[in-house]
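Overview (structure and organization)
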Amino acid sequence: QARLVESGGGLVQAGGSLRFPCAAAGSTGSRYSMGWFRQVPGKERDFVAAVNWSGKNTDYADSVKGRVTIARNYDGNSVDLQMNILKPEDTAVYYCAARLYGPVSIDPGVFEYWGHGTQVTVSS
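Here we summarise the structure given alongside this text.

What counts and what doesn't
Residues numbered from 1 in each chain as written. Predicted model: local features only at pLDDT ≥ 70, side-chain atom pairs only at ≥ 80, totals over all residues. Heavy atoms only, no water. Salt bridge = Lys/Arg side-chain N within 4 Å of Asp/Glu carboxyl O. Helix = DSSP H or I, 4+ residues; strand = E, 2+ residues; numbered from the N terminus. Buried < 20%, exposed > 50% of the residue type's maximum accessible area, 1.4 Å probe, protein only. Pairing = 2+ DSSP bridges. Axes fitted to C-alpha atoms, helices over the stretch in contact; angles between N-to-C directions. Disulfide = S-S within 2.5 Å. Phe/Tyr/Trp six-rings, centres within 6.5 Å; stacked < 30°, edge-to-face > 60°. Lys NZ or Arg CZ within 6 Å of the ring centre and 35° of its normal.

This part covers the pattern of salt bridges. Oppositely charged side chains are able to pair whenever their charged atoms sit close together. Applying the stated rule across the entire model yields 4 salt bridges. As a salt-bridge pair, Asp90 and Arg67 come within 2.8 Å of each other at their nearest N and O atoms. Of this pair, Asp90 sits in the loop between β8 (78-83) and β9 (92-100) while Arg67 sits in the loop between β6 (58-60) and β7 (68-72); the two residues are 23 residues apart in sequence, bridging distant segments of the chain. Overall, the relative accessible area of 7% leaves Arg67 in the buried class.

Time to look at the sheet that holds strand β3 (residues 18-25). The sheet built from 4 strands is open, its strands ordered β1-β3-β8-β7 with antiparallel pairing. Each edge of the sheet is formed by a strand with only one pairing partner; in this case those strands are β1 (3-6) and β7. Taking the axes of each pair of neighbouring strands and ignoring which way they run, one obtains an average angle of 15° across the sheet. Sheet topology places β1 next to β3; 4 bridges connect them, and they run antiparallel.

Our focus in this paragraph is the state of the cysteines. Going through the model one piece at a time under the given rule, you end up with 1 disulfide. Here Cys22 pairs with Cys96 through a disulfide, and the sulfurs are 1.9 Å apart. As the torsion about the S-S bond is roughly -90°, the Cys22-Cys96 disulfide counts as left-handed. Within this pair, whereas Cys22 is found in strand β3, its partner Cys96 is found in strand β9, the two being separated by 74 residues in sequence.

For Ile85, which is not glycine, the phi dihedral falls at a positive 50°. On the secondary structure map, Ile85 appears in the loop between β8 and β9. Of note, the phi angle at Tyr101 is positive, near 60°, even though the residue is not glycine. Take Tyr101: it is sitting in the loop between β9 and β10 (113-114). Residue Tyr101 is classed as exposed on the basis of its relative accessible area of 59%.

Bringing the packing of aromatic side chains into the picture now. One pass over the structure, following the stated rule, counts 7 aromatic pairs. Ring centres of Tyr32 and Tyr113 lie 6.0 Å apart, and the angle between their planes is 70°; this geometry places the pair in the edge-to-face category. Linking Tyr32 in strand β4 (residues 32-39) with Tyr113 in strand β10, this pair joins segments that are 81 residues apart in sequence. In this structure Tyr32 comes out as buried when scored by relative accessible area, which is 3%. The class for Tyr113 is buried, based on a relative accessible area of 17%. An aromatic cluster of three or more residues is present, and its members are Phe37, Phe47, Phe111 and Trp114. Against the face of Tyr95 rests Arg45, its NZ or CZ located 3.7 Å from the ring centre. Between the NZ or CZ atom of Arg45 and the centre of the ring of Trp114, over which it lies, the distance is 4.8 Å.

Below, the structure written as structure tokens:
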């Protein structure tokens with residue numbers, strides 16, 4: 001069972017960049033697909049980006065394509081989400097998620113493990 005540790009949230013000016021690391025502690029040797037989702041009050045949790053266990057397959061939401069890169073780190077148990085040209089509409093709580101041995105998915109319901117979320121606020 002993975003313990004997901006998220007970071008990278010905070011307050012940033014529009015046009016700036018943030019990097020969101022997520023580490024799956026205690027899961028060395030496991031093959032997790034990992035992804036990021038975001039949620040604003042009163043709305044559903046929405047897909048942002050995901051990468052499979054090998055790092056070869058990725059997927060991105062239309063709203064962030066061209067501004068976001070997701071990649072596996074060298075340890076194989078963590079992922080970095082790099083977001084550039086941030087916009088006020090990117091403001092949300094961002095959640096890291098992991099799926100053991102599963103393929104990349106945009107459906108939050110298939111991810112088994114979740115972080116506690118990190119707040120991102122983009123000022124205009």
